[in-house]
Amino acid sequence: MNVDVLVVGGGPAGLSAATELRRLGVGSVLVADREAEAGGIPRHSWHIGYGLRDLHRVMTGPAYARALADAAVAAGAEVRLGTTVTCCAPGASGGFAATMTSARGIETVGAGIVLLATGCRERPRTARLIPGDRPAGVMTTGELQQRVYLGDERLPGRALVVGAEHVSFSAMVTLAHAGARVVALVTEYERQQSYAAFRAGAALRWRVPVWTSTAVRRVDGRERLAGVEVADLGTGASRFVPCDTLVFTADWIPDHELARHTGLDLDPGTRGPTVDTLLRTSAAGVFAAGNLVHAAETADIAALSGRHAARQIAAALGGAGPATVSVPVRAEPPLRWISPNAVAIAVGGRAVPPPLGRFVLRSQEFRRLVRLEVRQDGRVLGRSGPVRLIPGRPVYLSAGWLARVDPAGGPVRVAP
Amino acid sequence: MTDPGASVADVVIVGAGVVGTAIARTLARYRLDCVLADAACDVGTGTSKANTAILHTGFDAKPGTLESRLLSRGSALLREYAAATGIPVEYTGALLVAWTPEQEASLPALAENARRNGYQAMRRIGAGELYAREPALGPGALGALEIPDEAIICPWTTPLAFATEAVGAGVRLLLGTCVTGVSAASDEVHELATTRGVVRGRWVVNAAGLGSDVIDRMFGGDGFTIRPRRGELIVFDKLARTLLRSILLPVPTARSKGVLVAPTVYGNVLLGPTAEDVSDRSDTATTAAGLDSLMAAGRRILPGLGDEEVTATYAGLRAATEHADYQIRVDGARRYACVAGIRSTGLSASLGIAEHVAGLLGEAGLPLRPRSGAVALPRMPYIGEAGQRPYQDASLIASDGAYGQIVCHCERVSRGEVRDALASPVPPADLGGLRRRTRAMNGRCQGFFCAATVSRLFAEAGRRP
């Protein structure tokens, strides 16, 4: 089988890309997704708020997942579920040969262009090197949501949530729904990182406090979880908090296995494949979009990233893709990363803007109302308006300065 | 509760770790009625499940000891057995890397020690060849001693294969059965009080690992005390696997034993172990100090590890005693065998130990009459990374689509493999058991994507986690 475009991953980015590719007249688009149902993370994220920026509606995660999958199929893309792409290598006659496994067997699909949209996951307890026992009852938000919303599991007893970002409050709501009494949200940061309204809601409706400047030091319990030792980072004092469920939230990392096996360069900040503003990776013909290149933005932002990639792919297939040079874009401390990681500039022409005309960044520190400065070789290209830096929360940098990037110059650096 | 030991067994083996299961499958080749009892709900759950997963040659054993002899013999037997039953093994070889002049100076003595253990194939290599073979090695290595026959093995499949063979040959496996006391029912029969009723047997083999001194005292012994030594280990992401080819062993010095970095048969990289004497025989918790020291050592040995994700951390307890050598004794008058103090070499030596113990039992009066007919070796599900996994096997998937349905994405475990494990002769009793049989949920996401689905498959099979 041969297709014009193979999309790996049927979450918001992949499905939106497939729909857009078909709308732009691309002949054959195949989406391979390893799960039994398309839609990615929103499949098991029951809260409201999905679809705002891309579908201009507000719905629950599962409804949004279905809407995106239905749209892709209606647009004429083939969506193959339960299908794992295990290898993607250059094809014998150009393009790529992707090996995929499903209940139907092992198949090699030829593709002119490959779009990786494999998303991201939360770092589990082990990757965070939290010592102690290894009892049952310790999980990530992804596992929690699937157990509760797809598996109808109950989680009686006390629960502790590690993290105080948006997703952490979502985990709190899921735990409450499953019958758990949430003791607290704990974060090593000096402040919570979500909306003030979420924190107020947590305190008022669920009576759940946020313990800031607090670290989980040890997990205790042989068979079942007994509790955790938490330390106050200010005083150094530690205490034991009994709990039956422990949920590690946020601390996102791209699911980049296929990207690495394909030999793509990785960005040290995002840990996803490096992409320029066209969402091209370091390998010709391979694009990447969604939370693989910015873990983790909301689903609608991931969807719009997929749509952006689709437009560039359609142009490339139509022969209209510009010959370009790439100028790297780097985030400097306290910024952790910026995405995309390079500006694509048409030879003798204009720079291509990123999805939604803006770069997305993350900070590792809180900063109040700073301006981000964009420089190249010591020259100031532009300054943002005042922004607030909050770890785990997106910062957007509009790309109005793109025209001033020197295609022959050094890397563009962004810093407060 | 039914009385599991209403009949009198010829031999009751206490402890279903890698040593106990090896003894069970060895004795099962004779016309004996055997019971294999373990306090845990699965085989191989103690030291056997949490170790460095290396199939040693025994080159570094103390020459002339029982450990040296049984390690050398057991290692050879296990290599054959693994090939015949499908236990994942990779012949990676090992490099004892010297980082200081002191360590380099001790390499000739280590080579001489190996020779005295009957091992000849080691070879000195210089820094140039070392870095050509292991280009990701950190700076400063001076040279190495190559041990080409050191290998890596699956520590989970090994006792499971032994237990599967034993059960297939009629051994009665009593799990969740903790021995709490012993009395003599008659001059010929021991009566073991257990948490699941009385178990009777003419002979008792104590292979209780971390609990072996407790059992030994029930039989009047007082020759040794278990002093658990905890080893913490870190498992790195499969994406780190390209950083090394061989097992990188430390050169032991007077001051420290050092830590090793090794590939695993699952395609990961293992770093460890620490060595810490602990008093609690069930304390397999990891510690901040232990993990920190391992990470620091790992970054020195293989700096690229610092950029890779950690997939798992764990700790195991070695069943060390105050003695340097194995504590293996058979008392014919009491019809009792003690197989203890196996420390950290039990996996590699298991079949040698079993052969030795069977011989001692025969000499002491246990009648060893071989069964007629050929021995049926089990064929174990292959959970290694080097060979062909079910998801890669087109003809297998064509015969049964369930092998193409991947449920654990990080480890690429299919629904068919989970189903097979749940229906196997020695089925898992909990999700941990399922993990050890299939690798499901052992990967980098630690269940973010698959735990809910795998738990549901387990629950549907009628065994609640």
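The numbering scheme is per chain: residues are counted from 1 as the chain's sequence reads. Whichever chain is written first is A, and whichever ligand is written first is 1; the rest continue in order. Only residues with pLDDT of at least 70 get local features here, since the model is predicted, and only at 80 or more are side-chain atom pairs given and counted; chain-wide, interface and lining totals rely on the full set of residues.

What is the right way to look at the overall build of chain B in this model?
Numbering of helices and strands starts at the N terminus; helices are DSSP runs of H or I of at least 4 residues and strands are runs of E of at least 2. When helices and strands are tallied, chain B shows 13 helices and 22 strands. Computation of the radius of gyration draws on C-alpha atoms alone. For the globule rule, the value is 2.2 Å times the number of residues to the power 0.38. Over its C-alpha atoms chain B spans a radius of gyration of 22 Å, differing by no more than 12% from the 23 Å that the globule rule assigns to 465 residues. Reported as C-alpha extents along the three principal axes, the dimensions of chain B are approximately 65 × 55 × 45 Å. Here contacts are defined at the residue level, using C-beta atoms placed from the backbone and a cut-off of 7 Å between them. Put simply, 73% of the contacts in chain B that link residues at least 6 apart link residues at least 24 apart.

Would you mind going over the interface of chain A and chain B with me for this structure?
Often, the extent of an interface is quoted as the loss of accessible area upon association of its parts. Taken together, the contact pairs 33 residues of chain A with 31 residues of chain B. Elements that contribute at least two residues to the side of chain A that touches chain B include exactly β7 (96–102), β8 (105–116), β9 (120–122), β10 (138–140), α3 (141–150) and α6 (257–261) of chain A. Ten residues, namely Ala, Val, Leu, Ile, Met, Phe, Trp, Tyr, Cys and Pro, are considered nonpolar, four, namely Asp, Glu, Lys and Arg, are considered charged, and the remaining ones, Gly among them, are considered polar. Looking at the side of chain A that touches chain B residue by residue, the class counts come to 10 nonpolar, 11 polar and 12 charged.

How do you make sense of the sheet that holds strand β26 (residues 395–398) of chain A when you look at a structure like this?
Strands belonging to one sheet form pairs held by backbone hydrogen bonds; the direction of such a pair is parallel or antiparallel. Residues and elements named next belong to chain A. Each pair of strands is called paired provided DSSP finds at least two bridges between the two strands. If you trace the 3 strands from one edge of the open sheet to the other, you get β21-β23-β26, paired in antiparallel fashion. The sheet is open, and its two borders are formed by β21 (335–339) and β26, each paired with just one other strand. Across the sheet, the mean angle separating the axes of adjacent strands is 30° when strand polarity is ignored. Here strand β23 (residues 358–363) pairs with β26 via 4 bridges, running antiparallel. If you follow arginine 358 over to β26, its bridge partner there is serine 398. Geometry is summarised by axes, namely lines fitted to C-alpha atoms with helices restricted to the contacting stretch, and by angles between N-to-C directions that run from 0 to 180 degrees.

Could you clarify how one ought to interpret the pairing of strand β15 (residues 260–263) of chain B in this entry?
When a strand is regular, its side chains alternate between the sheet's two faces. Residues and elements named next belong to chain B. The burial criterion counts other C-beta atoms lying within 10 Å of a residue's C-beta, which is placed from the backbone; the residue is buried at 20 or more, exposed at 12 or fewer, and partly exposed between these limits. The two faces of β15 match: Leu260 and Ala262 on one face and Val261 and Pro263 on the other face are all buried. Where β15 and strand β16 (residues 269–272) come together, 4 bridges link them in antiparallel fashion. Bridging from a neighbouring strand, alanine 262 pairs with leucine 270 of β16. Here β15 hands over to β16 after 5 residues, with glycine 267 in that stretch at a positive phi of 90°.

Is there a simple way to think about the nonpolar core in this case?
Proteins that are soluble and globular tend to have nonpolar side chains buried together. Each nonpolar core consists of buried Ala, Val, Leu, Ile, Met, Phe, Trp, Tyr and Cys residues. Their C-beta atoms, within 7 Å, join them into a set. In terms of nonpolar packing, the biggest core is built from 150 residues, with A:Val5, A:Leu6, A:Val7, A:Val114 and A:Leu115 touching the most fellow members. Ranked by residue count, the leading element in this core is helix α7 (residues 299–317) of chain A, at 9 residues. Discounting chain neighbours no more than four positions away, the residues touching A:Val5 are A:Leu21, A:Val26, A:Val29, A:Ala111, A:Gly112, A:Ile113, A:Leu115 and A:Ile313. One finds B:Ala53, B:Leu95, B:Leu249 and B:Leu294 within the second-largest nonpolar core, a separate group that totals 132 residues.

What should I look at first to understand the domain arrangement of chain B in this one?
All names here are of chain B. In terms of domain boundaries, chain B breaks down into domain 1 (5–49 + 156–225 + 322–363), domain 2 (94–148 + 227–318) and domain 3 (390–460). These domain boundaries are the output of an automatic or database domain assignment. Computed over C-alpha atoms only, the centres of domain 1 and domain 2 are separated by 32 Å. Of the residues assigned to the side of domain 1 that touches domain 2, the class counts are 1 nonpolar, 3 polar and 2 charged.

Please clarify how unusual backbone geometry should be interpreted in this entry.
The phi angle of most residues is negative, glycine excepted, and most peptide bonds adopt the trans form. Residues and elements named next belong to chain A. Omega for the bond connecting alanine 295 with alanine 296 falls within 30 degrees of zero, at -5°, which places this linkage in the cis form. Looking at where alanine 296 falls in the secondary structure, it is placed in the loop between β19 (286–288) and α7. With an omega dihedral of -5°, the bond running from serine 339 to proline 340 counts as a cis peptide bond. Position of proline 340 among the secondary structure elements: in the loop between β21 and β22 (342–346). We note that histidine 56 has phi near 55°; this positive angle belongs to a residue other than glycine. In this structure, histidine 56 sits in the loop between β3 (48–50) and β4 (59–60). On the neighbour-count criterion, histidine 56 (8 C-beta atoms within 10 Å) is exposed.

Honestly, the environment of B:Glu112 in this entry has me stumped. Any pointers?
Mapped onto the elements of the fold, B:Glu112 is located in helix α4 (residues 107–116). Placed 52 residues apart in sequence, B:Glu112 and B:Asp60 show a C-alpha to C-alpha distance of 9.7 Å.

How should I be thinking about the pairing of strand β2 (residues 34–37) of chain B in this particular structure?
Residues and elements named next belong to chain B. On β2, burial covers both faces: Cys34 and Leu36 on one face and Val35 and Ala37 on the other are all buried. Across 3 bridges, β2 lies against strand β9 (residues 172–174) in parallel orientation. Bridging from a neighbouring strand, alanine 37 pairs with leucine 174 of β9.

Explain helix α12 (residues 431–438) of chain B here, please?
Residues and elements named next belong to chain B. In terms of residue burial, α12 counts as a mostly covered element, since 6 of its 8 residues are buried. Regarding α12, the residues found buried are Gly433, Leu434, Arg435, Arg436, Arg437 and Thr438. The secondary structure elements touched by the buried residues of α12 are α6 (157–168), β22 (413–414), α11 (415–422) and α13 (451–460).

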